[in-house]
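The chain contents come next:
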There are 2 protein chains.
Amino acid sequence: MTLTEENYLKALHRLSQSEEPITVKRIAMQLGIKMPTVTSMVRNLAAKKLIRYEKYKAIEMTEKGRRQALLILRKHRLTELFLKDVMGLGWEEVHDIAEQIEHIQSDRFFNRIDEMLGHPKFDPHGEPIPDANGKLPFFKAFPLSGCEAGKKYKLTGVLDHDGGFLTYLNTLGLTLGSSIEVIEVHGFDRSMEVLLNGKTRTVFSFIVCQHLLVI
Amino acid sequence: MTLTEENYLKALHRLSQSEEPITVKRIAMQLGIKMPTVTSMVRNLAAKKLIRYEKYKAIEMTEKGRRQALLILRKHRLTELFLKDVMGLGWEEVHDIAEQIEHIQSDRFFNRIDEMLGHPKFDPHGEPIPDANGKLPFFKAFPLSGCEAGKKYKLTGVLDHDGGFLTYLNTLGLTLGSSIEVIEVHGFDRSMEVLLNGKTRTVFSFIVCQHLLVI
DNA sequence: TTAAAAAGTTAGATTAATCTAACAAATTTA
DNA sequence: TAAATTTGTTAGATTAATCTAACTTTTTAA
Ligand SMILES: [Mn+2]
Ligand SMILES: [Mn+2]
Ligand SMILES: [Mn+2]
Ligand SMILES: [Mn+2]
């Protein structure tokens, strides 16, 4: 598999997590490329039995395609945790490096990382790490955006790996495990008044709330 | 620079280390590709001022090209040492992984590796690691192939990074720092009778001797 | 239920990196 | 020095990944 094909599989897997059907349009948007480019690549991926594709129909991943995608995600997430816990980088800077290292072809390399980390189940952003067979550990968490006022939650994950967003969380002293108490929910823009770690009071926009996973 | 261009620069640099002029033929052999492919790439590299090239003439690297090559070698060699000393891989398995990781674009990543290793000067094969400006540390060592019978040397480097060769050295208990005493040199095939670490006696072919650096 | 908009496909071009076949220059050898 | 060999270049094709422009199908909305 080429690096480009691997990136398509990752994008496909990500899109398959939402309710919406996987369409050429959505893939193009996800990857920041044009639709005709996607059309030709999905034909290629279909020929390799990684997806099911028929003109004008919604696209589906095959078991084979999903497995491949999860093995790449495994490499990505193991790398992120290694960069943070072994190499001492921040959770806001590991994603971009992992985007490159996830394409390294070496079982030895990633198995050593896995061993050194003690076969971890979650990455620095709270995302589950598939095992060597592409199986995901069970986990439950929901976006803060669906939460009620007056209740207290624990941050267990973030859905935006972008440096800007995570650096913003850093300035608020938010890390995985931090407590978030919802003081009030504003109906007009769905923003939330929150109390962080029992001390910092601030306002989260709806977008921010959608990107914070809590239990 | 593309991954391919980076690999050409490394090949060019390696060829520039020998006496022979750099020719299209030698580049093609080094990279295992055909001459016309090389011709078109050297035009490209010349356009980018990384080499000087005129039809039918010997090829030379520019200062810019050499600097780039050394920065890639720096990443390669830092990676090899990191894989061995931090991740516990053997010196016979680090080269192939480093061939991939050397193309990762992230100063942060390689500077952390450099820091964690304490700004090392040599890689697991005894090769000097260029500094962040592309400057090489001074070092002197010569191939065992030029050595005399009756003298005792110390292994300081190997010129073949291939797994097969290094695994062979492992079976002999040879590592950097091992002693090699030359018992006898056979004129007809230039092979050598040697005593390793004061205990193992064996014969090295001329090829093997050429690949062992000693002082 | 038709017209407009959105989504998708096809055709054809481009770029990087490679190849083979044919030709040309340089070097070696007789 | 002339012929043979080696080395190098040119021309043209191929593959992967991308694009724009034009056309088609599907969906939405009047
Ligand atoms: Mn990530
Ligand atoms: Mn992550
Ligand atoms: Mn190496
Ligand atoms: Mn080395």
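Residues numbered from 1 in each chain as written. Chains lettered and ligands numbered in written order. Predicted model: local features only at pLDDT ≥ 70, side-chain atom pairs only at ≥ 80, totals over all residues. Heavy atoms only, no water.

### Thoughts on the protein's contact with DNA strand D
Taken together, the neighbourhood of DNA strand D is formed by 20 residues, with Thr 2 and Thr 37 of chain A together with Lys 25, Tyr 53 and Lys 55 of chain B sitting nearest. If you look at DNA strand D and keep only atoms within 4 Å of the protein, 76% of those are sugar or phosphate atoms. One nitrogen or oxygen atom from the side chain of Thr 39 of chain B is found 2.9 Å from a phosphate oxygen belonging to DNA strand D. The contact in question runs from a phosphate oxygen of DNA strand D to an N or O atom on the backbone of Tyr 56 of chain B, over 3.2 Å. When residues of the surface near DNA strand D are traced back to their parent elements, those giving at least two are α1 (3–16) and α3 (35–47) of chain A together with α2 (24–31) and α3 (35–47) of chain B. Split by residue class, the surface near DNA strand D holds 10 nonpolar, 6 polar and 4 charged. (Near = heavy atom within 4 Å. Polar contact = N/O pair within 3.5 Å; in protein donor to acceptor, adjacent residues only side chain to side chain. Helix = DSSP H or I, 4+ residues; strand = E, 2+ residues; numbered from the N terminus. Nonpolar A, V, L, I, M, F, W, Y, C, P; charged D, E, K, R; others polar.)

### Here we look at the packing of α1 of chain A against helix α4 (residues 63–85) of chain A
All names here are of chain A. With their axes 9 Å apart at the nearest point, α1 and α4 run at an angle of 100 degrees to one another. As far as their axial angle goes, α4 and α1 are roughly perpendicular. Where α1 approaches α4, its residues Glu 6, Leu 9, Lys 10 and His 13 are matched on the opposing element by Gly 65, Arg 66, Gln 68, Ala 69, Leu 70, Ile 72, Leu 73 and His 76. Per-class residue counts for the contact of α1 with α4 are 5 nonpolar, 4 polar and 3 charged. (Axes fitted to C-alpha atoms, helices over the stretch in contact; angles between N-to-C directions. Parallel < 35°, antiparallel > 145°, perpendicular 65-115°, else oblique. Contact = heavy atoms within 4.5 Å.)

### Description of the protein's contact with DNA strand C
Lining the immediate surroundings of DNA strand C are 20 residues, of which Lys 25, Tyr 53 and Lys 55 of chain A together with Thr 2 and Thr 37 of chain B lie closest. At the protein interface, 76% of the atoms of DNA strand C within 4 Å belong to sugar or phosphate. Residue Lys 25 of chain A places a main-chain N or O atom 2.7 Å away from a phosphate oxygen belonging to DNA strand C. Thr 2 of chain B places a side-chain nitrogen or oxygen 2.5 Å from a phosphate oxygen of DNA strand C. Taken together, the elements giving at least two residues each to the surface near DNA strand C come down to α2 (24–31) and α3 of chain A together with α1 (3–16) and α3 of chain B. Tallied by class, the residues present in the surface near DNA strand C amount to 10 nonpolar, 6 polar and 4 charged.

### Overview of the environment of Asp 160 of chain B
Residues and elements named next belong to chain B. Along the chain, Asp 160 falls in the loop between β4 (152–158) and α7 (163–171). Distance in space between the C-alpha atoms of Asp 160 and Gln 210 is 9.4 Å, their sequence separation being 50 residues. Asp 160 has contacts with Phe 165, Leu 166 and His 211, leaving out every residue within four places of it along the chain. Within the structure, Asp 160 has its side chain in polar contact with the backbone nitrogen of Asp 162 (distance 2.8 Å).

### Brief notes about the sheet that holds strand β7 (residues 200–204) of chain A
Residue and element names in this part refer to chain A. Taken in spatial order, the 6 strands make up an open sheet running β3-β8-β4-β5-β6-β7, and their pairing is antiparallel. A single partner strand is all that each edge strand has here, and the edge strands are β3 (142–143) and β7. One ladder, built from 3 bridges, connects strand β4 (residues 152–158) with strand β8 (residues 212–214); its direction is antiparallel. In the sheet register, Leu 155 faces β8, and the bridge partner there is Val 214. Sitting on the sheet, helix α7 (residues 163–171) touches β4, β7 and β8, and the angle it makes with β4 is about 145 degrees. (Pairing = 2+ DSSP bridges.)

### A closer look at the coordination of the manganese ion (ligand 4)
Residue and element names in this part refer to chain B. Donor atoms from the polypeptide that coordinate the manganese ion (ligand 4) comprise Glu 80 (OE), Asp 123 (OD) and His 125 (ND1), at 2.1 to 2.3 Å from the metal. Read in sequence order, the donor residues for the manganese ion (ligand 4) give the motif E-x42-D-x1-H. Between the two metals, the manganese ion (ligand 4) and the manganese ion (ligand 3), the spacing is 3.4 Å, and Glu 80 donates to both. Placement of the pair is Glu 80 in helix α4 (residues 63–85) and Asp 123 in the loop between α6 (107–116) and β3 (142–143), with a sequence separation of 43 residues. Exposure class is identical for Glu 80 and Asp 123. Each is buried. (Donors = N, O, S within 2.8 Å, 3.2 Å for Na, K, Ca; no water. Buried < 20%, exposed > 50% of the residue type's maximum accessible area, 1.4 Å probe, protein only.)

### A few points about the relation of the copies chain B and chain A
At an RMSD of 0.1 Å, chain B and chain A line up after a rotation of 180 degrees and a shift of 0.0 Å along the axis. When the rotation and shift are considered jointly, the pair of chain copies conforms to a two-fold rotation axis. Taking the C-alpha atom as reference, chain B places Ile 101 of chain B closest to the rotation axis, 3.7 Å from it. Most of the interface of chain B is mirrored in chain A: 100% of its interface residues are interface residues there too. (Least-squares fit on C-alpha atoms with pLDDT ≥ 70 in both.)

### Focus: the coordination of the manganese ion (ligand 1)
Residues and elements named next belong to chain A. The coordination sphere of the manganese ion (ligand 1) contains the protein donors His 76 (NE2), Glu 80 (OE), His 95 (ND1) and His 161 (ND1), at a distance range of 2.1 to 2.3 Å. Considered as a linear motif, the donors of the manganese ion (ligand 1) on their single chain read H-x3-E-x14-H-x65-H. The distance between the manganese ion (ligand 1) and the manganese ion (ligand 2) comes to 3.4 Å, with Glu 80 serving as a donor to both metals. With His 76 and Glu 80 both in helix α4, this residue pair falls 4 residues apart, about one helical turn. Assigned by exposure class, His 76 and Glu 80 land together as buried.

### Quick look at the pattern of salt bridges
Per the counting criterion, the structure on display carries 26 salt bridges over all chains. Arg 201 of chain B is the partner of Glu 193 of chain B in a salt bridge, and the nearest nitrogen-oxygen pair spans 3.8 Å. Judged by its relative accessible area of 17%, Glu 193 of chain B is buried. For Arg 201 of chain B, a relative accessible area of 53% puts it in the exposed group. Connected via shared salt-bridge partners are Lys 10, Glu 99 and Glu 102 of chain A. (Salt bridge = Lys/Arg side-chain N within 4 Å of Asp/Glu carboxyl O.)

### Examining the domain arrangement of chain A
Many authors give the size of an interface as the accessible area that is lost as the parts come together. All names here are of chain A. Segmentation of chain A into domains returns domain 1 (3–61), domain 2 (69–139) and domain 3 (142–214). Inter-centroid distance (C-alpha atoms) of domain 1 to domain 2 is 24 Å. At the interface, 7 residues of domain 1 touch 9 residues of domain 2. Of the roughly 720 Å² buried at the junction of domain 1 and domain 2 (both faces included), carbon and sulfur atoms supply 61%. Per-residue buried area on domain 1 facing domain 2 is highest for Glu 6, Lys 10 and His 13; these three make up 73% of the total on that side. Run the count over domain 1 and domain 2 and you get 2 salt bridges. Our count for the contact surface shared by domain 1 and domain 2 stands at 5 residue pairs in polar contact (both at pLDDT 80 or more). Top element by residues in the side of domain 1 that touches domain 2 is α1. It accounts for 6 residues. (Domains from an automatic or database assignment. Buried area = accessible area lost by both parts, 1.4 Å probe.)

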